[in-house]
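# Structure at a glance
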Amino acid sequence: MLRTLNIENIAVIEKAQIEFNSGLNVLTGETGAGKSIVVDSINAILGERTSRELVRNGADYAFVSAFFEDIPNNVVNKLNELGLKNEDDNSLLLTRKITSAGKSVCKVNGCSATVSMLKEIGHQLVNIHGQHDSQALLNPDMHYSFIDMLFDNQSFILDYKNSFHKLLTVRRKLKALTSDEEDKDRNLEILNYQIKELEDVEIVIGEKDELLKKKSIIENSESLLRVLNNSLNALSGDDEFSGASLLISSSENEFSSLQNVSDSIKVISSKLSNISEEIEEVKDLITSEISALDFDENERENVEERLDLLFKLGMKYGETEEEMISFLDDAKKKRDSILYNDEELEKLNAEYDECYEEVVELASKLSDYRKEIAKQFEKSVKEQLVFLDMPKIEFIVDFQKGNLASNGFDKIEFLISTNPGEPPKPLSKIASGGELSRIMLAIKNIIAHNDTIGTLIFDEIDTGVSGRASRKIGLKLKSLSKDTQVITVTHSAQIASVADVQFLIQKDFENNKAYTKVTPLDFEGRKMELARIMGGLEITDSLLQSAEELLLSQEDM
């Protein structure tokens with residue numbers, strides 16, 4: 001349930017903290033005081049669409065946080081599915097910051113989240129039913145869901161959905177196989193071309209890297225050969241010039257004949273001898289490198305042609321050899337699938353017929369079970385509506401057979417007749433706003449035990465309803481709040497009087513600015529507020545007495 005709601009800089013609310021009760025929580029206040037802003041704030045924290053217009057004038061941002069206690073297992077599972085943190089005590093903190101530029105920053109239990117994540121979680125935490133928010137009742141496509149919520153055995157629905165999903169899978173495979181012959185021939189022609197092109201190349205993993213290395217050596221070999229030959233000539237000499245080897249050798253011979261002159265001459269002679277030997281070693285190394293660089297010019301062309309071919313194939317079938325080989329394998333499988341299409345088609349047709357029979361059988365069982373539930377549902381709704389001052393109403397769950405869909409073949413629609421003798425008609429055709437609100441409240445009371453939503457919000461459910469009916473609505477809200485938390489915005493003293501907690505929404509003006517504050521009321525505060533609701537401009541002693549009697553009468557409930 002929703003325990004704490006914090007609001008900052010939203011419309012006329014500068015700052016407010018609301019501590020909700022587990023039972024029936026009522027928000028009252030004068031028209032325009034800001035009651036709807038509280039509901040808008042809850043919508044925002046549930047991931048609904050907002051705009052920067054929501055940010056209080058002059059503020060840089062708006063902020064809402066909602067703290068929930070005892071979240072149900074389906075919400076825990078959703079958190080795990082979204083990869084979000086779940087607290088050990090099953091509490092949940094949602095926050096949303098909306099900047100004046102319209103950007104949202106959302107967090108779930110302190111972890112960053114998206115608005116869509118908030119929405120997925122929010123749909124399983126709170127259900128908001130507004131005065132003009134009766135889409136579920138006005139949309140016949142959603143009526144089956146109210147019946148399904150009353151199922152004691154959900155295996156009927158699960159078995160059907162699994163079987164229907166299997167049928168769709170087989171049908172998709174059939175559709176892919178039964179494309180026209182022209183498409184088959186064209187696809188086969190393309191696949192044969194691709195397979196031949198890749199097989200002719202005989203791709204080897206790692207070949208491209210080896211070719212690139214070889215190309216690099218070839219491209220650098222001419223420059224390297226020139227440097228090596230120049231160095232060898234410098235050392236060995238030619239017909240015109242004596243090389244370093246000969247010059248050093250000559251000097252060595254001359255100094256050798258003078259070794260006995262002095263020790264220093266002897267040292268010079270020795271060093272020249274060493275240099276001469278090293279030069280000979282260098283000459284041998286250079287000669288060896290020149291021999292190793294011997295290559296055929298045709299090899300250069302072959303390497304470049306092969307690399308060019310692999311590059312072109314890579315543009316079509318995958319950059320790496322592994323990707324091209326994988327493409328070849330897939331192409332062969334697709335070709336086999338087309339070539340053996342008839343055999344596979346026969347097998348799939350038999351599987352489809354079997355799946356279809358199973359789906360029809362399960363849909364029939366699901367329909368029969370729904371009809372049993374619907375009989376009791378009709379009776380319960382009528383009883384609820386009689387209590388809510390709609391004694392003449394006829395409520396019927398109409399079943400028609402439609403096409404197989406994810407929820408069966410039932411076309412279910414709620415029909416009502418508001419006057420005796422009139423034929424039942426769809427809700428959307430004849431139900432007023434007040435009637436829709438009461439019908440929704442009746443249904444919510446019936447499904448409350450099976451509904452996993454922990455918090456229900458009714459925004460001005462009493463609109464268009466008389467005082468006597470308002471009291472009945474209040475009693476139903478009170479009854480509903482025993483199974484689930486209820487928060488309601490109301491202008492009715494009869495509804496407000498049965499609340500477990502009542503909050504007053506007040507607008508004040510200071511320095512030409514409007515400020516709205518939310519205050520929990522004690523007994524005296526509630527008495528004053530109920531008197532205001534009942535009497536309007538002037539609060540008299542008789543109104544205060546009536547308000548007190550109204551409050552005291554609820555203590556025995």
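Residues numbered from 1 in each chain as written. Predicted model: local features only at pLDDT ≥ 70, side-chain atom pairs only at ≥ 80, totals over all residues. Heavy atoms only, no water.

### Examining the pattern of salt bridges
Applying the stated criterion to the full structure yields 21 salt bridges. Put simply, Glu120 and Lys78 hold a salt bridge, and the shortest N to O gap is 3.1 Å. One end of the pair, Glu120, is in helix H3 (residues 115-122); the other, Lys78, is in helix H2 (residues 73-81), with 42 residues separating them in the sequence. According to the relative accessible area criterion, Glu120 is partly exposed, its value standing at 34%. You can call Lys78 buried: its relative accessible area is 12%. Salt bridges linked by common partners bring Lys78, Glu81 and Glu120 together as one network. (Salt bridge = Lys/Arg side-chain N within 4 Å of Asp/Glu carboxyl O. Helix = DSSP H or I, 4+ residues; strand = E, 2+ residues; numbered from the N terminus. Buried < 20%, exposed > 50% of the residue type's maximum accessible area, 1.4 Å probe, protein only.)

### Observations regarding the sheet that holds strand S4 (residues 61-68)
Strand order in this open sheet of 6 strands is S2-S1-S4-S5-S6-S7, and the pairing throughout is antiparallel. The sheet is open, and its two borders are formed by strand S2 (13-19) and strand S7 (111-113), each paired with just one other strand. Neighbour-to-neighbour, the strand axes of this sheet turn through a mean angle of 15°, independent of strand direction. Looking at chain direction, strand S6 (residues 104-108) and S7 are connected through 3 bridges and run antiparallel. Bridging across to S7, Val108 finds its partner in Cys111. Packing against the sheet, H3 makes contact with strand S5 (92-99), S6 and S7, and its axis sits at approximately 45° to S6. (Pairing = 2+ DSSP bridges. Axes fitted to C-alpha atoms, helices over the stretch in contact; angles between N-to-C directions. Contact = heavy atoms within 4.5 Å.)

### Points about the packing of aromatic side chains
Evaluation of the coordinates by the stated rule reveals 10 aromatic pairs. Taking 4.6 Å as the distance between ring centres and 75° as the angle between the ring planes, the aromatic pair formed by Phe151 and Tyr369 counts as edge-to-face. Separated by 218 residues along the polypeptide, Phe151 in the loop between helix H5 (143-148) and helix H6 (155-177) and Tyr369 in helix H13 (residues 341-387) bring together distant segments of the chain. Among the residues examined, Phe151 registers a relative accessible area of 2% and is labelled buried. Ring centres of Phe377 and Phe395 lie 5.9 Å apart, and the angle between their planes is 70°; this geometry places the pair in the edge-to-face category. Here the residue Phe377 occupies a position in helix H13, and Phe395 occupies one in strand S9 (residues 394-405), the gap between them amounting to 18 residues. Relative accessible area serves as the criterion here: at 0%, Phe395 is assigned to the buried category. (Phe/Tyr/Trp six-rings, centres within 6.5 Å; stacked < 30°, edge-to-face > 60°.)

### Describing the environment of Val12
Within the secondary structure, Val12 sits in the loop between strand S1 (2-10) and S2. Those residues in contact with Val12 that sit more than four places away from it in its chain are Ala33, Ile37, Arg56, Ala514, Tyr515 and Thr516.

### Details of H2
Of all the residues in H2, the buried ones are Val75, Val76, Lys78 and Leu79. The buried side chains of H2 occupy one side of the element, clustering within an arc of 160° when seen end-on. Across H2 from its buried face, at more than 90 degrees, point the exposed residues Asn73 and Glu81. Along its buried surface, H2 packs onto S5, S6 and H3. (Arc of directions from axis to C-beta.)

### Some remarks on the pairing of strand S10 (residues 408-417)
Counting buried residues in S10 gives 8 out of 10 residues, a clear majority hidden from the surface. As defined by bridge partners, S9 adjoins S10 across 9 bridges and the pair is classed as antiparallel. Within S10, the position partnered with Glu394 by the bridge is Ser417. Between S9 and S10, which pair antiparallel in sequence order, lie 2 residues. Sheet analysis places S10 next to strand S11 (residues 425-426), joined by 2 bridges and oriented antiparallel.

### Some points on the nonpolar core
Side chains of nonpolar character tend, in soluble globular proteins, to be buried together. Formed by 68 residues in total, the largest nonpolar core has its most connected members in Leu137, Phe377, Val397, Phe414, Ile439, Ile443 and Leu477. If one sorts the elements of this core by residue count, H13 sits on top with 14 residues. If we ignore the near neighbours within four places in the chain, the residues touching Val397 are Ile147, Ala374, Phe377, Glu378, Ile412, Glu413 and Phe414. Core analysis: the second largest hydrophobic core is formed by 51 residues, Ile13, Ala16, Ala62 and Leu118 among them. (Core = buried A, V, L, I, M, F, W, Y, C linked by side-chain atoms within 4.5 Å.)

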